[in-house]
Amino acid sequence: MDASTDITVRVNGRERRIPRGLNVEGLLRSLGLHPALVVVERNREIVPRGEYAATPVEEGDVLELVHFVGGG
Amino acid sequence: MSPPPSLTPEEILRYSRHLLLPEVALGGQRKLKGSRVLLVGAGGLGSPLALYLAAAGVGTLGLVDFDQVDLTNLQRQVLFGTGDVGRPKSHAARERIRDLNPHVHVEDFQTRLTSENALEILRDFHIVADGSDNFPTRYLVNDACLLLGIPHAYGSIFRFEGQVSLFAVPGGPCYRCLFRQPPPPELVPSCAEGGVLGVLPGLVGTLQAAEVLKWILGAGDLLIGRLLLVDVWTMAFRSLSVRPDPRCPACGTREIRELVTEEASCAWASAAEDGSHEPDVPQWSPRELAGWLSQGRDILLLDVRGHHEWEIAHLPGARILPLEYLPEGLHTLDSARETVVYCRNGTRSARAVRFLREVGFTRVWNLEGGLLRWIEEVDPSLPRY
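A short tour of the structure in this document, coming up. Numbering of residues begins from 1 in every chain and follows the order in which that chain's sequence is written. Each chain takes a letter, starting from A, and each ligand takes a number, starting from 1, following the order in which they are written. At least 70 in pLDDT is required for a residue's local features to be given in this predicted model, at least 80 for side-chain atom pairs to be given and counted, and no such filter applies to totals for whole chains, interfaces and linings, which use all residues. Side-chain numbers here rest on the full set of heavy atoms in the structure, without hydrogens or water.

Observations regarding empty space enclosed by the protein
Residues and elements named next belong to chain B.
- Of the two site types, the cavity is a set of points on a 1 Å grid over the protein atoms alone where a 1.4 Å probe fits but cannot get out, and the pocket is an open set with protein on both sides within 12 Å along at least five of seven lines, each lined by residues with an atom within 4 Å of a point. Grid points are joined across faces, edges and corners, and a volume is the space filled by probe spheres set on the points. Tallied over the entire structure, the rule returns one cavity of 30 Å³ or more.
- Computed from the structure, the largest cavity encloses a volume of approximately 30 Å³.
- In terms of lining, the largest cavity is formed by Asp-143, Leu-146, Leu-147, Ala-250, Arg-254 and Ile-256.
- Gly is put with the polar residues, along with every residue not named as nonpolar or charged; the nonpolar set is Ala, Val, Leu, Ile, Met, Phe, Trp, Tyr, Cys and Pro, and the charged set is Asp, Glu, Lys and Arg. When grouped by side-chain class, the residues that make up the lining of the largest cavity number four nonpolar, no polar and two charged.

In structure tokens:
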């Protein structure tokens, strides 16, 4: 991977280098997560589920990925 | 809440360690005695909730659970003992609570929470602790609490991960602010499918109980606007800010004015356990399969579970190919050969059958009800898990 095309984001409290140009859906897929099973908070705003593909991930973004957990 | 009741000398001694805390003291203990808390679900989370809230002197505990104690519950549901297996949970719980603290009044609702009965059941309680085991009930609890103006202590668990928060407090967010709609039912593995480390609900339910107690006392820092994420495998705790969402249909725009049963919820609550929510997948019953096999028909038995499950029990002559490796192992399968796919209860194998049919296998069937039904109907000598 060419370092100049990478950006640095923070995912669940950890810094990560990811390719520039990914959207939220692409990021989830690259992490092996199903978009329908994860709530995404980007820079403290929840991204509506229907807007994952239209929401870019940009340098310095702070992302929190929260799984649906339903057991009791 | 009506004026808090007074304590008898026996109660004063019993709650001594609370009364010694200036943050609780006599006034707080009397508030606890005057409080009414509803527990939705008497399972992994409901167990520590019931035990600690009863021990702490909550005056009235409501319990909603329609289920009976099963042997597989005892690995984590510490409210019950071996002798309770087969008994209604609400009855067993009532006895255990009476033994622990006879001052607690128990109201049991041996029923499933539905959009029809939720408001009626919740209406007389001050706070709800949600220990349910499915998404439709979680949305129902949230929406009903908002309609009635009472908060709920949320807790949920899966495998090694848990979540805790206090939702639907005036000014704070609700469950729908974070999780707007339920996930598609077919993508959700149940605890019965995914497993759970036994201590996890003990930890998460106890955290919920702490929130309930502090809310009743009106003191301490509550998990309002914060979602606590617990991972017992890495032993990491993380908390996330959740703000009330003005567009939230439950607490923001308030467009949810009556309770709805979330999509496909009735179907999946029971179906997730036996794979019958995959109705379009061709399947054979265990008896049919046993019949064909006894006639010597050449059928490949394909086990799509993990190796850790295979080693517990498997069908004689079967071949293992875990579901997640199916695409890459495809070339090792003969599409001309009759194939029956199975897993524990028929859910994962139904997905495998659908996939195989999509890629051109026409002679492939699901084993209806999975290994569990095979054991029930054909070979009871195999262990159930």
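We are not done yet, so read on.
Comments concerning the sheet that holds strand S10 (residues 299-303) of chain B
Residue and element names in this part refer to chain B.
- Think of it this way: DSSP has to see at least two bridges between two strands before they count as a pair. Put simply, DSSP H or I for four residues or longer makes a helix, DSSP E for two residues or longer makes a strand, and each gets a number counted from the N terminus. The five strands are arranged S9-S13-S12-S10-S11 in an open sheet whose pairing can be described as parallel. Where the open sheet ends on each side, the last strands, each with one partner, are strand S9 (283-284) and strand S11 (319-320).
- Sheet analysis places strand S12 (residues 338-342) next to strand S13 (residues 364-367), joined by three bridges and oriented parallel. Bridging across to S13, Thr-339 finds its partner in Val-364.
- Of the strands in this sheet, S9, S10, S12 and S13 touch helix H12 (residues 286-294), which is tilted by about 135° from S10.
- Lying on the sheet, helix H15 (residues 347-358) is in contact with S10, S12 and S13; it crosses S13 at an angle near 170°. Any pair of residues with heavy atoms lying within 4.5 Å of one another is described as a contacting pair. Whenever a helix is involved, its axis is fitted only over the stretch in contact; in every case the axis is a line through C-alpha atoms, and angles between N-to-C directions fall within 0 to 180 degrees.

Considering the pattern of salt bridges
Residues and elements named next belong to chain B.
- Every case where a carboxyl oxygen of Asp or Glu lies within 4 Å of a side-chain nitrogen of Lys or Arg is listed as a salt bridge. In this structure the tally under the stated criterion is 26 salt bridges over all chains.
- Of the charged contacts in the structure, one is a salt bridge between Arg-123 and Glu-120, with a shortest N-O distance of 3.8 Å.
- We classify Arg-123 as partly exposed; its relative accessible area is 45%.
- In this structure, Glu-309 engages Arg-348 in a salt bridge whose closest nitrogen and oxygen atoms are separated by 2.8 Å. Within this pair, whereas Glu-309 is found in helix H13 (residues 307-310), its partner Arg-348 is found in helix H15, the two being separated by 39 residues in sequence. The pair Glu-309 / Arg-348 is uniform in exposure class, with both members buried. Exposure classes here rest on a 1.4 Å probe applied to the protein chains alone. A residue is buried below 20% of its type maximum, exposed above 50%, and partly exposed in between.

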